[in-house]
Amino acid sequence: MVTRGLYVCAVVALAQLLGPCMAQFPRLCATSEGLRTKECCPVWEGDGSVCGAMSGRGFCTEVVVSEEPYGPQYPHSDIDDRERWPLAFFNRTCRCAGNYDGFNCGECRFGYRGPGCGEYRESVRRNVLTLSVAEQQKFISYLNLAKNTINTDYVIATGTRAEMGADGENPMFSDINTYDLFVWIHYYVSRDAFLGGPGNVWRDIDFAHESAAFLPWHRVFLLLWEHEIRKITGDFNFTIPYWDWRDTQACDVCTDALMGGRSNFNPNLISPASVFSSWKVICTQPEEYNNREELCKATAEGPLLRNPGNHDRGRVPRLPTTADVDAVVSLTEYETDTLDRFANRSFRNALEGFANPETGMAITGQSTMHNALHMFMNGSMSSVQGSANDPIFLLHHAFIDSIFERWLRTHSPPRTHYPRSNAPIGHNDGYYMVPFMSLYRNGDYFVTNKVLGYEYAYLLDPGQRFVQEFLTPYLQQAQNIWQWILGAGILGALVTALVATLIAVALRKRKQSQRRKLGSIYGERQPLLHSSSEEGSASYQTTL
């Protein structure tokens, strides 16, 4: 625990030198002026121009949203800030060119790196249980770093757009740490819609669950979170590990060495031996927010809760098996009929957990697949809006994303298989994902992760898997210390050269001394070969 504590402290200190990445409201746009003009086109510091236009990175332009009709699940319009995202806040944003990305086009697209974003590099997400102890500790340290680092680029909204005034005279934004930023994002995308008056809300609305965008939205969520950790740590080899929970009977990542064991004093709490026992959760009281008709303000609401296995077994009779995953992947249609949680033989609905994995038929009163793991955790992770408080959320969704990837590779669906219209609000192909800035369309992420620059270790062929699981970690460690190895090599070469020179000088002096002695005994003798002293010296040195 002392070693881990020192590691956390070192990483937290490093974070003070670096800035974070991308996700919610850009701080530079969260002003009265930004709200009044409805423009979010910040200057890129690299060249001092708006959206990096002088460097050809992007330009400021009107936001064009999809006008395709959405389904009947949400019968309202013009009452929620997330409708036709992001127009309630901004109607002009940066449009980035080529491989550039970010709210000011100062970042690179997923999978690309380098000053000109021209270097494609594929990273590999690995099983958290196969990581070395040092790698596991590093991952936990990064999580704790994110929890303790205020995000310098982004803020969250603590009020609705209407509460901020017609001309933005009352901007309502707040600072937040990097980890909780993503917790708040997950809350905001799934919260109920306010209809006016305390407790008067519309519950059948969710821009990231219960329909087609469930998998693409969480894919982007993980990519942004992963990229954020790389930025604040400077570790550009970092990838989110996954938890392969197939056939498990217990939470095998719930140990003090990993995501926190169970407390001996209260089974609902995390063991005091884990760094996560001190974490405070946010956005876990949706009914209170509804009754007050206000957004979650990301204030601390108590400790992280988890009691795996002590869940409602009527709702979750068992955890998913390998056979369940294989059966779900075999379903050929991404979405069907109602395009929501009642869809039959829909791969998305079965994987999300609203259908029987063996038949693909929608069921009520039970949670399967993705939903089953959330309920099994029996704590903070079991409520949709606050579920991202538990860091197991990341491991779980990384594995869900890998199953999505398996399905994409198995069936190679054309983009037309993703619903263009009539899905619940927020889920059509052309809808911009709430509440991300940059803007990402759902359908653009209905693609294999090869396009996005990452891979899963267990989906590699055996040879590649060996390299990633066993060889790559050692190569990365060697890469981290290559400067020291090079320095030691140069120093060794200098020492060797010095010693050789001293030996050569000593031998030469000894030889000269012997010649003088012989000359004094036998008299001066003529050389057999007539050559200059320079030639003799050079030959001698060459022979030596």
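Please refer to the structure higher up on the page.
What counts, and at which threshold
Residues numbered from 1 in each chain as written. Predicted model: local features only at pLDDT ≥ 70, side-chain atom pairs only at ≥ 80, totals over all residues. Heavy atoms only, no water. Disulfide = S-S within 2.5 Å. Helix = DSSP H or I, 4+ residues; strand = E, 2+ residues; numbered from the N terminus. Buried < 20%, exposed > 50% of the residue type's maximum accessible area, 1.4 Å probe, protein only. Salt bridge = Lys/Arg side-chain N within 4 Å of Asp/Glu carboxyl O. Core = buried A, V, L, I, M, F, W, Y, C linked by side-chain atoms within 4.5 Å. Contact = heavy atoms within 4.5 Å. Pairing = 2+ DSSP bridges.

Engineer: Can you help me understand the state of the cysteines in this one?
Structural biologist: Such a bond, covalent and formed between the sulfur atoms of two cysteines, is termed a disulfide. Summed over the entire model, instances satisfying the criterion amount to seven disulfides. The disulfide partner of cysteine 29 is cysteine 40, and the gap between their sulfur atoms is 2.1 Å. In this structure the cystine formed by cysteine 29 and cysteine 40 twists about its S-S bond by roughly 80 degrees; its chirality is therefore right-handed. Of the two residues, cysteine 29 sits in the loop between strand S1 (25-26) and helix H2 (32-37) while cysteine 40 sits in strand S2 (residues 39-40), which places them eleven residues apart along the sequence. The pair cysteine 29 / cysteine 40 is uniform in exposure class, with both members buried. Cysteine 251 shares a disulfide with cysteine 254; S-S distance 1.9 Å. Handedness of the cysteine 251-cysteine 254 disulfide follows from its S-S torsion of about 65 degrees: it is right-handed. The exposure classification of cysteine 251 matches that of cysteine 254, with both residues buried.

Engineer: Can you walk me through the pattern of salt bridges in this structure?
Structural biologist: Pairs can form between side chains of opposite charge once their charged atoms are near each other. Taken as a whole and judged by the stated rule, the model has 38 salt bridges. Here aspartate 80 makes a salt bridge to arginine 191, at a shortest N to O gap of 3.8 Å. With aspartate 80 in the loop between strand S5 (58-62) and strand S6 (92-96) and arginine 191 in the loop between helix H4 (178-190) and strand S14 (193-194), this pair connects stretches of sequence that are 111 residues apart. Residues aspartate 80 and arginine 191 agree in their burial class; the two are buried. The closest approach of N and O atoms between arginine 406 and aspartate 326, which form a salt bridge, is 3.1 Å. On the criterion of sequence distance, the pair formed by arginine 406 in helix H10 (residues 392-411) and aspartate 326 in helix H7 (residues 322-329) is long-range, its members being 80 residues apart. According to the relative accessible area criterion, aspartate 326 is partly exposed, its value standing at 36%. Linked by salt bridges that have partners in common, Glu122, Arg125, Arg219, Glu226, Arg230, Asp401, Glu405, Arg409, Lys450 and Glu455 make up one network.

Engineer: What exactly am I supposed to notice about the nonpolar core here?
Structural biologist: Membership of the largest hydrophobic core comes to 125 residues, with the highest contact counts inside it found for Trp184, Trp243 and Phe347. Those residues in contact with tryptophan 184, other than ones at most four positions away along the chain, are Gln24, Phe25, Ile156, Ala157, Ile176, Ile282, Cys283, Cys296 and Ala298.

Engineer: Please explain the sheet that holds S6 as it appears in this structure.
Structural biologist: Sheets are built from strands that pair by backbone hydrogen bonding, the pairs being arranged parallel or antiparallel. The mixed open sheet is built from three strands, whose spatial order is S2-S6-S5. With partners counted over all chains shown, the strands left at the sheet margins are S2 and S5, one partner each. Relative to S6, S2 is paired through two bridges, and the arrangement is parallel. Each bridged residue has a counterpart across the sheet, and for glutamate 39 the counterpart in S6 is arginine 92.

Engineer: How do you make sense of the pairing of strand S12 (residues 154-157) when you look at a structure like this?
Structural biologist: Consecutive residues of a regular strand have side chains that alternate between opposite faces of the sheet. In this sheet, S12 lies alongside S1 in antiparallel orientation, the contact comprising two bridges. Bridge pairing in S12 places proline 26 opposite tyrosine 154. With two bridges connecting them, S12 and strand S13 (residues 173-174) associate as antiparallel partners. The partner of isoleucine 156 across the bridge, within S13, is serine 174.

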